[in-house]
Structures are given as C-alpha cells and as structure tokens.
Amino acid sequence: MKRTLLLFSFLAFLFTSCRQSSKPFSVSDHQVSFQAEGGTYTLAAISEDIIKVSYQDNRTYSDRGYAPVLFEAIPMQIDNRDSVVSLSTSEVRVEVQLQPFHIQFYDLETGLKLSEEQGFIRKADTTSLRFLLRPEEAIYGTGARALPMDRRGYALPSYNQPNYGYGMGAEFLNYAIPHIYSSNQYMLLFDNPAKAVFDIGKTEEEVLDFSSLGGNMTYYFINGDSFEDLISEYTALTGRQPLPPLWAFGHLQSRFGYKTQSQADSILNLALEAGYPVDAIILDIFWFGEEVEDGKMGQLDWDRENWPDPEGMIAGWKEKGVKTITISEPFFTRKSENFDYLAENKLLATDSAGNTLTISDFYFGDGGLLDIFKPAAKDWIWEQYVEQKEEGVEGWWIDLGEPEKHPDTMYHVNGKATEIHGVYSHEWTKNMYEKYAQHYPNERLFKLGRAGYAGTQRYGLIPWTGDVSRSWSGLQAQIPAMLGAGVSGIPYMHSDAGGFAGPDKQPELYIRWIQYAVFTPVFRPHSNPDVPAEPVLWEKEVQDIVKPWVQLRYRMIPYNYTSGWKTMTTGMPMARPLFTEYELPETIEDQYLWGEALLVTPVLNPGVSAKSVYLPEGQWFDFWTNESYEGGQWMEIPVSLENIPVFVRAGHMIPFSPVFPNTEEYRTDSIELRYYVGSEGFTDEVYFDDGKTKEAYQKGSYQLLKTSYSIGEERRIIRFTMEGNGYEGAPSQRVATIKLIGLEARPQSVSAGEAIDFEWEEERKTVRFQINVSDGTELLIQ
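The notes below deal with the structure included here. (Residues numbered from 1 in each chain as written. Predicted model: local features only at pLDDT ≥ 70, side-chain atom pairs only at ≥ 80, totals over all residues. Heavy atoms only, no water.)

1. Digging into the overall build of the chain
The helix and strand tally for the chain stands at 14 helices and 45 strands. A compact globule built from 782 residues would reach a C-alpha radius of gyration of about 28 Å, and the chain, at 27 Å, matches this within 12%. For the chain, the spread of C-alpha atoms along the three principal axes comes to 85 × 70 × 50 Å. A total of 782 residues make up the chain; the buried ones form 62% of that total. Counting only contacts in the chain whose residues sit at least 6 apart along the sequence, the fraction spanning at least 24 positions is 69%. When the accessible surface of the chain is totalled, it reaches about 28600 Å², and 46% of it is carbon and sulfur. Positive and negative side-chain charges of the chain, numbering 68 and 110 respectively, have mean locations separated by a distance of 2 Å. (Helix = DSSP H or I, 4+ residues; strand = E, 2+ residues; numbered from the N terminus. Rg over C-alpha atoms; globule rule 2.2 N^0.38 Å. Buried < 20%, exposed > 50% of the residue type's maximum accessible area, 1.4 Å probe, protein only. Contact = heavy atoms within 4.5 Å. Areas by Shrake-Rupley, 256 points an atom, 1.4 Å probe, with all protein chains shown as cover. Lys, Arg positive; Asp, Glu negative; His and termini not counted. Charge placed at Lys NZ, Arg CZ, Asp CG, Glu CD.)

Here is the structure:
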C-alpha cells in the first residue's frame, strides 16, 4: 500500500513561505492550527496513515494524551486555496473548508473516506464531535458489548460499568473503548476517557455522534486498505500486547471463592489426581476475610484463621507446577485495616472540598477509592504487591476496576470522576506494569482486570467479560464481546467459562462453554458458589466429555503461544471476526477465526444436533475428521455433545504438543506438525522461547521454526529453517511427528537424504512419519 514518500517538508515550507501574508493557519512543529468560531483546531500527521485532530477553547483541557504512544508529528504538504486548505501525506489528504469550518478525510487512491458533519459542538456541559455515515456503512468496535458486532443503530455508553448477570443484548459492559472500525476501511479513536455516548446512527441515521461530559477533545483518523492494515496502524499508535508468560495459556483454576486453605488445597489436589492439567489457582476475596457484604475489602493481608500457612501453601503448589494468583480491588472499606491510614494520608479520592469521599452504597461496605493518579498512592499499592510477590504470589487479579462505584461528585488529583473515569484501570495497570518492569526486569507480569482503556493492552492487561449470567444467553454474548474488544486492539478478552451468575446447574451449558473457551485467549472456568466451576467437581458423564477438551487446550499450546507472538508483533487479535479477512454474504455473528488457521463455530443453544456453518472461499478441512470441503457456501454440520464444528484453512500448518500436567513440564523437543495441504504451497512458523523472560523476542532469545511447503511436478518439498539466538533449555533439534493432510493419493516415498518409513491413512488422505527437524532440514515427498 505504501508508495515512495514525497518531499513533503520541503514543499510545505516552500509553498507557505510565499504566502505568509494570506494564510489562514499557522504551522508549528509540523502541526497546523486553524482559528474557528469559539476555538482552535490543530491537525497533525502522526504517520502516513494517521491524522490527529484536536480542539481547544477556554473550557477544554490543554491537549492530553492517554491512549497513544506516538506523539511526534511528521511533515505534511500544505496546499492553500481560497476557501479550502489541503494537508497531505503520501497516503491521506485532509481537506479543511474554512467557512463554515469542515474537515474531510481522503485516501489518495480510493477517494473520500470520512467527513465531519459539523465538527466540534458544545451544548451546556456536553461536548460533541459529529461525522457523516454512508448508507451501506457498518460500524464495529466500541469495546466489549453483548450486541451484534455491527453497532450501527445503537446509542452506546462509552463508560466502563459492571452489568451483573447480563446476557445477549447488554449494551454496556465493563470495558468500553472509544474506538470504531468502519467497513469503509478507516478507524476513529477518540482519546477522551470522560463519561460519553456513541450515538451510531440511532438518533440520526446517517450521523455518528460522540458526546462527552467534557474531557480531552482529540480524535485520530486512521486510514487503511484492510483490517490488517488498520489494526497494525492502530496498535502502532496505541501499543501492542506483550506476550504473557507461557502459563497464562494453560488452565487457570478459579471460583468465587475458596474460603479456606484446606478447601483450596483439597480441590486443587483432586483435579491434579484426576489428571487435569492445571497451571494456576486463583484466590478470590476470602483470602483476606470471610465476610462479603460489609466486609474487609482492601485488607490485603491473609486471614490467618482460615489460611494459617499461606507461604507453605503457595510453596507446595509451586512444587506441583501451579502458580498462585490473588485478588485485590481499588476499594478500601472502613472495616479494613488500611482505610484510616489511606484517608489520613490523602490517598483516597475526595469530594470537591478535598475531603475523603466515603461511598455509602457500596455492596462490600462503606469505604473509599484509592486515587491511583497520585504518585504516593501508586507507590503504596505497589508495596502491597511486592509483599505478596515475596510470599510467592505470581499473578494478580484486580477486580472492580471500572471503578464499579465512581460517583460523579468524586474528584481525583487530575480531575473529576466524570472526566477521567475511563483511564482509572488503565492507570492502575500502567503502574503495575512499569513498577514490575523496574523491580523484576526479566519477568513477565500477569495481571487480570475487567476494565481498561484504549491502549491498556500495551501494559499486558488480561481482561474478561465480567459477571455473566450462567445461561445460554450469557454464552451467546461472549463471541461479540470478545471480538468487539479485539477489533479495538484488546486481544486477550475472555470469559468466566461456564458462566458466573445464577443458581442453575446445566451440564449441557457447562460443556458447551468449556468447548468454546478452549478456543479463546485465556481458559479460566469461574463461577459463584451455586455451581462448581472446576471440571473435576462435575459428574462423571460431564467430566468424560470436558476432560479431553482441557487436554486439547494443552496440546494446542504451541499454536496458541505462536498466535500470541503474532499478536505482539502485528497487533492482529487472536480471535477475529470473519469479516476482517473475507467478503461475506452477511455479517456472521456465531463464528470466528482462531489464529490464522482455525474457523470455530461454538454451539450456543441446547439440544443442537446440527449446526449451519459458513465456510469462506477456499479449501477447508474438518478439524476432527480431516474431510475436505470447498468454501464459499453454507454447510449443515452434524454435531454431538462431544464436539463443535472446527475447520482448518488449507495452506496452514498447526503444531501440537503431547499432553502435560502444567507448563513447567512443557518440552518442545517433541512436537507434532500437521500440514493441511491444498493446491498451492505455503509457509508457516512456530514460535518458542523460555516462556518467562520479558521481551525475549526483542532480545533475540527465541527460536522461530519456519517451514515451507512447495509443490513441484509429482513431488512436494518441506523445508525448515530456524531463526533467533535460542534460549536456555532450547533443543538443537526436535523430533517431529509430521502429518500431511489432504494428499490426493498415497506417496511412493518420503526421504530426507535417505528413505523414511511412513504410514498412509486412505480414509483421511493423510501420510504420517517422524523425523528429526533442525535448521536446514529438507523433506522430499514423491
């Protein structure tokens, strides 16, 4: 898409120097400012495809930046005509009409992409930015919502807030993102964390209106030819998710909650003895007190009566390969030992007079909210996490971080609650990430949280979709919530697998949710006390079905970990809607791409014996049977309670590992590589590192096993190369079980310098053999 860059800087200065006396704008550091009625518009190119637009008057903040990591403007060519000023990069042209003031964005090849409708508008205490929508235009994104993925026709709050027991149709959830992706191949990011509403053609069919209670009046127009282009630009602007520790891709055992040390220990041991792989156990609020309502939230110290030896407990779990994750919240009730100290030292948020504001209608008890924007508050909460780290804790879960209760009358050191609400959890995550990097520079942080902002992904947040109802409607809500977040740059959205809220114990629902969760960024069954979250506590008939799925999660660690690496390097979410890669007859809501190779269609209703699946253009293989299908059509696929439809794109290789009890036991010297072959050659790769070193890839401490599959006359060639400097424990070669799926006939021979014994499965059209793979290995199949 990129063309040779023009000498915009030279042309801009040459042209403008000739017209100093008449230009209706000013230029400073490549930023172009226009005086319009009531205020100043400033435009800047942040890249060849990203334009920043800011508005300021005497009632707005000075320009603040929350989401971006790119700030420096690049030169634009400026063309000053009588009533229109054109600002151009090598990819985008912005036309600024002076009277009345109006901005339009053009792609230099395809033409008009977006027009402001009126620009900035102020009404009483509300500020708005308005844009024109085209009749055929679909709008995606805005964060995690339990709605159809096309958000057009909705007025949606851009405000993080909990929605207990929600199901499909919930317009707000815990993680809103002031960002949209248009089917006309542009994105908009409103870098404004204030309480706001996206009116996407609901009030006026052809108008997108972003209205907020003040805040930062800055937006970014992002141009591209495809979703892949756009998400790359967007995550270059806002940052990309670092690769979590390897164990984050395993089975995280959780519930609300383990009430005693003996209970947690016994259920974990039960799971391990039954052969379930487990990588972490999560301790909810009972670790610091047995009360829930009117309790000791914020205590952040062990309830020694119920947890008599936490250090020994954590050490014992670690010997078994199981990490410990503890929960904490930003709220501190009056019954907690920390409330008085925090209030006396002005570390809690206040009222307008500067006094600690006590939240009296908080479910967990009267209390205050830590002012995470204060440096002293950041330091204090970090000290609590250091103490937990020294006790052996290896991951943290920050709950209620929207914040769940955030009165409009509350003030923080940097502004009113209504103005900075959206970045509260963002700031908390940033603080943890940066301090963790300072104190433990070689380790990767694991931090769960249910809220954030645009760009919080760069601080390693692992978000989930909140307290979903344990219902079929709750399960149906998970796909659009996960995909909506991913479209807006948040790639690790996942759910309380099995459902959280509600008393009903439904084995079929639990099974279907576990099956879905295997193909999501994080696998974490979790529920309230009414129904067991842990697979091992279900009846044998349920366990017989779900246990192989938990094991499949572990077999797919090489594929999922490689997908996480690709997300880190490209910004592409691990789970993405079909429309991001294919032209479709309609928006398909109940299917998604998992990584580059898999198409997943969860079963979302009870009693289903067949599922309609749309296979996009190309050749596809049934994941379970290897049967081949031509795409571009709807298929009716039989299903049983034991499976869901999963398909593999031809032209991909999927790596598998043996089942292992936890990622501490994960070894990559033995691997299975399944090649799903079609009529064309392809390349693919598997990423390996030690699973724990921060920025291992950036440091070169990794191995990237690259493979190519090429087709010649009556022969096929597989080649392997290795990139990277390796890592501690990396094998110099790997024993690979190779399967070629989709061959038309049994090959006559397989060789790598010398003949290799192989097996042929006629029914599955699959050849199978073993070989030692290292840099430079080449296989010939004839």
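2. Thoughts on helix 2 (residues 227-238)
Between its first and last C-alpha atoms helix 2 spans 16 Å; for twelve residues at 1.5 Å apiece the expected length is 16 Å, and the two agree. Along helix 2, the residues that are buried comprise Phe-227, Leu-230, Ile-231, Glu-233, Tyr-234, Thr-235, Leu-237 and Thr-238. Looking one or two places after helix 2, you find Gly-239, whose phi comes out positive at around 100°. (Expected span 1.5 Å × (residues − 1).)

3. Quick word on the environment of Ser-425
Structurally, Ser-425 can be placed in helix 8 (residues 424-439). With relative accessibility at 5%, the residue Ser-425 sits in the buried group. Note: C-alpha distance between Ser-425 and Leu-400 (25 residues apart in sequence) is 9.1 Å. For Ser-425, the contacting residues outside a window of four places in its chain are Gly-401, Lys-447, Ala-451 and Gly-452. A polar contact of 2.7 Å, which involves the side chain of Ser-425, links it to the backbone oxygen of Ala-451. (Polar contact = N/O pair within 3.5 Å; in protein donor to acceptor, adjacent residues only side chain to side chain.)

4. Focus: the nonpolar core
Judged by nonpolar contacts, the single largest core of 200 residues is most densely connected at Leu-370, Phe-519 and Tyr-675. Residue contributions to this core peak at eight residues, all from helix 11 (residues 507-518). Excluding residues that lie within four positions of it along the chain, Phe-519 makes contacts with Trp-549, Leu-552, Arg-553, Met-556, Tyr-592, Trp-594, Leu-598, Val-600, Ile-644 and Val-646. (Core = buried A, V, L, I, M, F, W, Y, C linked by side-chain atoms within 4.5 Å.)

5. Let's talk about the packing of aromatic side chains
By the definition in use, this model includes 61 aromatic pairs. When the centroid spacing of 4.8 Å and the interplanar angle of 85° are considered together, the rings of Phe-623 and Trp-624 count as edge-to-face. Classification of Phe-623 by relative accessible area gives buried; the value is 5%. Note on Trp-624: relative accessible area 27%, which makes it partly exposed. Positioned over the ring face of Tyr-440 is Lys-389, at 4.9 Å from the centre of the ring. Directly above the aromatic system of Trp-397 lies the positively charged group of Arg-524, at a separation of 6.0 Å from the ring centroid. (Phe/Tyr/Trp six-rings, centres within 6.5 Å; stacked < 30°, edge-to-face > 60°. Lys NZ or Arg CZ within 6 Å of the ring centre and 35° of its normal.)

6. Comments concerning the sheet that holds strand 4 (residues 50-56)
Strand order in the open sheet made by the eight strands is 1-2-3-4-17-14-13-11, with antiparallel pairing throughout. Since the sheet does not close on itself, it has two edges, and those belong to strand 1 (26-28) and strand 11 (139-143), each with one partner. Taken pair by pair, the neighbouring strands of this sheet meet at an average axis angle of 20°, ignoring direction. The sheet contact formed by strand 1 and strand 2 (residues 31-36) spans three bridges and is antiparallel. Paired with Ser-28 across the two strands is Gln-31, which belongs to strand 2. Each of strand 3 (39-47), strand 4, strand 13 (176-182), strand 14 (186-190) and strand 17 (218-223) is contacted by helix 2, which is oriented at about 25° to strand 14, the strand it contacts most. (Pairing = 2+ DSSP bridges. Axes fitted to C-alpha atoms, helices over the stretch in contact; angles between N-to-C directions.)

7. As for the packing of helix 6 (residues 375-391) against helix 8
Where helix 6 contacts helix 8, the axes come no closer than 10 Å and their chain directions differ by 55°. Relative to helix 8, helix 6 is oriented oblique. The two elements helix 6 and helix 8 meet at a crossing, and its hand is right-handed. Along the contact surface, helix 6 presents Lys-378, Asp-379, Ile-381, Trp-382, Tyr-385 and Lys-389, while helix 8 presents Glu-427, Trp-428, Asn-431, Met-432, Lys-435, Tyr-436 and His-439. Class assignment for the residues of the contact of helix 6 with helix 8 results in six nonpolar, two polar and five charged. (Parallel < 35°, antiparallel > 145°, perpendicular 65-115°, else oblique. Left-handed = near helix turned anticlockwise from the far one by under 90°. Nonpolar A, V, L, I, M, F, W, Y, C, P; charged D, E, K, R; others polar.)

8. Overview of the pattern of salt bridges
A full pass over the atoms with the stated rule returns 38 salt bridges. With its nearest N and O atoms 2.6 Å apart, the salt bridge here joins Arg-524 to Asp-496. Of this pair, Arg-524 sits in the loop between helix 11 and helix 12 (540-555) while Asp-496 sits in the loop between helix 10 (478-487) and helix 11, and the two are 28 residues apart along the sequence. When its relative accessible area of 1% is taken as the criterion, Asp-496 is described as buried. Taking the shortest distance from any N to any O, the salt bridge between Glu-539 and Lys-505 comes out at 3.0 Å. Placement of Glu-539 in the loop between helix 11 and helix 12 and of Lys-505 in the loop between helix 10 and helix 11 is noted, with a sequence separation of 34 residues between them. Note on Glu-539: relative accessible area 35%, which makes it partly exposed. Among the residues examined, Lys-505 registers a relative accessible area of 38% and is labelled partly exposed. Within the structure, one salt-bridge network assembled from shared partners comprises Asp-399, Glu-402, Glu-404, Arg-450 and Asp-467. (Salt bridge = Lys/Arg side-chain N within 4 Å of Asp/Glu carboxyl O.)

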